[in-house]
Amino acid sequence: MIVFLAKDKLPALLSELNEMLEVVAPVRIGNDTAFATWVGQPIDFEKNPQISPTEFLLPQREVLFKYIQHSGRYVFEEVEPKSKLILGMRPCDLNAVKVLDKIFGTEPFDKLYFRRRRSAILAVLNCSKPEETCFCSHLGAGPECIDGFDLLFTELDSGYLIESGSSVGMLILKEHSDLFQEVKSVYLAEKNERISKAKETLNSRPNLSKDKIMGALETADWESMGNNCLSCGGCTFVCPICHCFNILDLGVPDGERLRCRDSCILSGFSRMAGGVNPRKSAGERIRNWYFDKFQFIPENTGLLGCVGCGRCISVCLASMDRWSLKVPR
Ligand code: SF4
Ligand code: SF4
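So, a few notes on the structure that sits alongside this text. (Residues numbered from 1 in each chain as written. Chains lettered and ligands numbered in written order. Predicted model: local features only at pLDDT ≥ 70, side-chain atom pairs only at ≥ 80, totals over all residues. Heavy atoms only, no water.)

1. What about the site of ligand 2?
With respect to spatial proximity, the complete set of residues near ligand 2 consists of Phe-135, Cys-239, Pro-240, Trp-289, Lys-293, Cys-306, Val-307, Gly-308, Cys-309, Gly-310 and Cys-312. Spatially, ligand 2 is embedded in the largest cavity. The class makeup of the residues in the shell around ligand 2 is 8 nonpolar, 2 polar and 1 charged. (Near = heavy atom within 4 Å. 1 Å grid on protein atoms, 1.4 Å probe; cavity = no way out; pocket = protein on both sides within 12 Å on 5 of 7 lines; lining within 4 Å. Sits in = over half its atoms within 2 Å of the grid points. Nonpolar A, V, L, I, M, F, W, Y, C, P; charged D, E, K, R; others polar.)

Here it is, written out as structure tokens:
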């Protein structure tokens, strides 16, 4: 099913959806754009936020359950996440969700990840405005979304084309049909034109295909890359696929078990009891990060561990990018 929504009707649609579930969308916060709970703010589809919407599926800090001592035994209380509709996720981030689903769905199955994942409706935005650092098209992760969405938005001059990709998406379009208009052929032509332009922009950039990156990994100078890296972990915390975490129990005798995001780039991540650390130097840690994305995750899931969203490039204060890795043009 495909419908057209005029731009001035978007707040009405979101308000109606907001009555049933939490709507998360890209909104202006100060001078920047970020995914946040929508409470009537203007939507900003211009910029892909630095923090990925996968943050709402795998948050930086999450209570897994509460533990309470009761008559000498522990009782565990799980907190059910609220149902969410995540609007404006771009195709690269949807592909990142597919990778996370494989990683957390492989034994041992992570039911606490899927508790959030199953309560999330994904309303993806076809990408007609790639950022300077994006290279999704070289890795087959954008700018056009093909499958895996519940709803798919394409922004046009006067409104949005909205397609359903699941029974939930179809139900939403049917329930709010009074807000929509019929799709004209000019709208479909405008969609194709916008996506073609985005592809053209992305494909005109230096090729960062998996093979080229893998070739560069074989000859990379990890020591000098390590000397430049500040070991701040920024690249991993903005990555929609990075998913390292730590578990903390907060409170004695009663308290909460937390899952907190961690980073393999940080020096303490692989340190073991007694102080032994198999990845002591920053160079060794960067090497592990790249090989995880382009070799280990593909071996384990069949999917690449990078979708070319470019966030790690734009966040890095040390300008660690394809130039430091020396990927040939
Ligand atoms: S963001 Fe840059 S400086 Fe910071 S850890 Fe990553 S590569 Fe190193
Ligand atoms: S490695 Fe960088 S470009 Fe690739 S998905 Fe992560 S943040 Fe995006």
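2. Quick notes on the sheet that holds strand β3 (residues 32–37)
Strand order in the open sheet made by the 7 strands is β1-β9-β8-β7-β6-β2-β3, with mixed pairing throughout. Edge positions in the open sheet fall to β1 (2–6) and β3, since each of these has one partner strand only. Sheet twist, expressed as the average angle between the axes of neighbouring strands with direction ignored, equals 25 degrees. Sheet analysis places strand β7 (residues 120–125) next to strand β8 (residues 151–155), joined by 3 bridges and oriented parallel. Bridging from a neighbouring strand, Val-124 pairs with Leu-152 of β8. Its contacts with the sheet put helix α4 (residues 167–175) on β1, β6 (84–89), β7, β8 and β9 (159–164), and the angle it makes with β9 is roughly 135 degrees. Across the face of the sheet, helix α5 (residues 185–203) comes into contact with β1, β8 and β9 while running at roughly 90 degrees to β9. (Pairing = 2+ DSSP bridges. Helix = DSSP H or I, 4+ residues; strand = E, 2+ residues; numbered from the N terminus. Axes fitted to C-alpha atoms, helices over the stretch in contact; angles between N-to-C directions. Contact = heavy atoms within 4.5 Å.)

3. Quick word on the site of ligand 1
In the vicinity of ligand 1, the residues found are Cys-229, Leu-230, Ser-231, Cys-232, Gly-233, Cys-235, Ile-265, Cys-316, Ala-318 and Met-320. Structurally, ligand 1 is housed in the largest cavity. In terms of residue class, the shell around ligand 1 is built from 8 nonpolar, 2 polar and no charged.

4. Describing the pairing of β8
Burial runs high along β8: 5 of the 5 residues are buried. Because side chains alternate across β8, one face comprises the buried residues Leu-151, Phe-153 and Glu-155, and the other comprises Leu-152 and Thr-154, equally buried. Pairing of β8 with β9 involves 5 bridges; the strand directions are antiparallel. Paired with Leu-152 across the bridge in β9 is Glu-163. (Buried < 20%, exposed > 50% of the residue type's maximum accessible area, 1.4 Å probe, protein only.)

5. Considerations on the pattern of salt bridges
Using the criterion set out here, one finds 20 salt bridges in the structure. Between Lys-129 and Glu-46 there is a salt bridge; the shortest N-O distance is 2.9 Å. Note that Lys-129 is positioned in the loop between β7 and β8 and Glu-46 in the loop between β3 and β4 (61–70), a separation of 83 residues in sequence. A relative accessible area of 49% means that Glu-46 is categorised as partly exposed. The partner of Asp-110 in a salt bridge is Arg-259, and the shortest N-O contact between them spans 2.8 Å. With Asp-110 in the loop between α2 (91–105) and α3 (111–118) and Arg-259 in strand β11 (residues 255–261), the pair connects residues that are 149 residues apart, well separated along the chain. Looking at Arg-259, the relative accessible area reads 3%, which means it is buried. By sharing partners, the salt bridges in this structure join Lys-7, Glu-46, Lys-129 and Glu-155 into a single network. (Salt bridge = Lys/Arg side-chain N within 4 Å of Asp/Glu carboxyl O.)

6. Here we look at unusual backbone geometry
With omega at 5 degrees, the peptide bond leading from Gly-142 into Pro-143 counts as cis. Take Pro-143: it is sitting in the loop between β7 and β8. Following Val-252, the chain continues to Pro-253 via a peptide bond in cis, the omega torsion being 0 degrees. Following the sequence through the fold, Pro-253 ends up in the loop between β10 (245–250) and β11. The phi dihedral of Ser-231 falls on the positive side, at around 50 degrees, and the residue is not glycine. Given the relative accessible area of 22%, Ser-231 is considered partly exposed.

7. Concerning the packing of aromatic side chains
Across all of its chains, the model carries 13 aromatic pairs by this definition. Aromatic side chains Phe-104 and Tyr-113 sit 4.6 Å apart centroid to centroid with 15 degrees between the ring planes, which places their arrangement in the stacked category. Judged by its relative accessible area of 5%, Phe-104 is buried. On the accessibility criterion, Tyr-113 (0% relative accessible area) is buried. Note on Trp-222 and Phe-291: the rings are 6.4 Å apart at their centroids and 55 degrees apart in plane angle, and the pair reads as tilted. (Phe/Tyr/Trp six-rings, centres within 6.5 Å; stacked < 30°, edge-to-face > 60°.)

Purely geometric stuff here, so don't read any function into it on its own.
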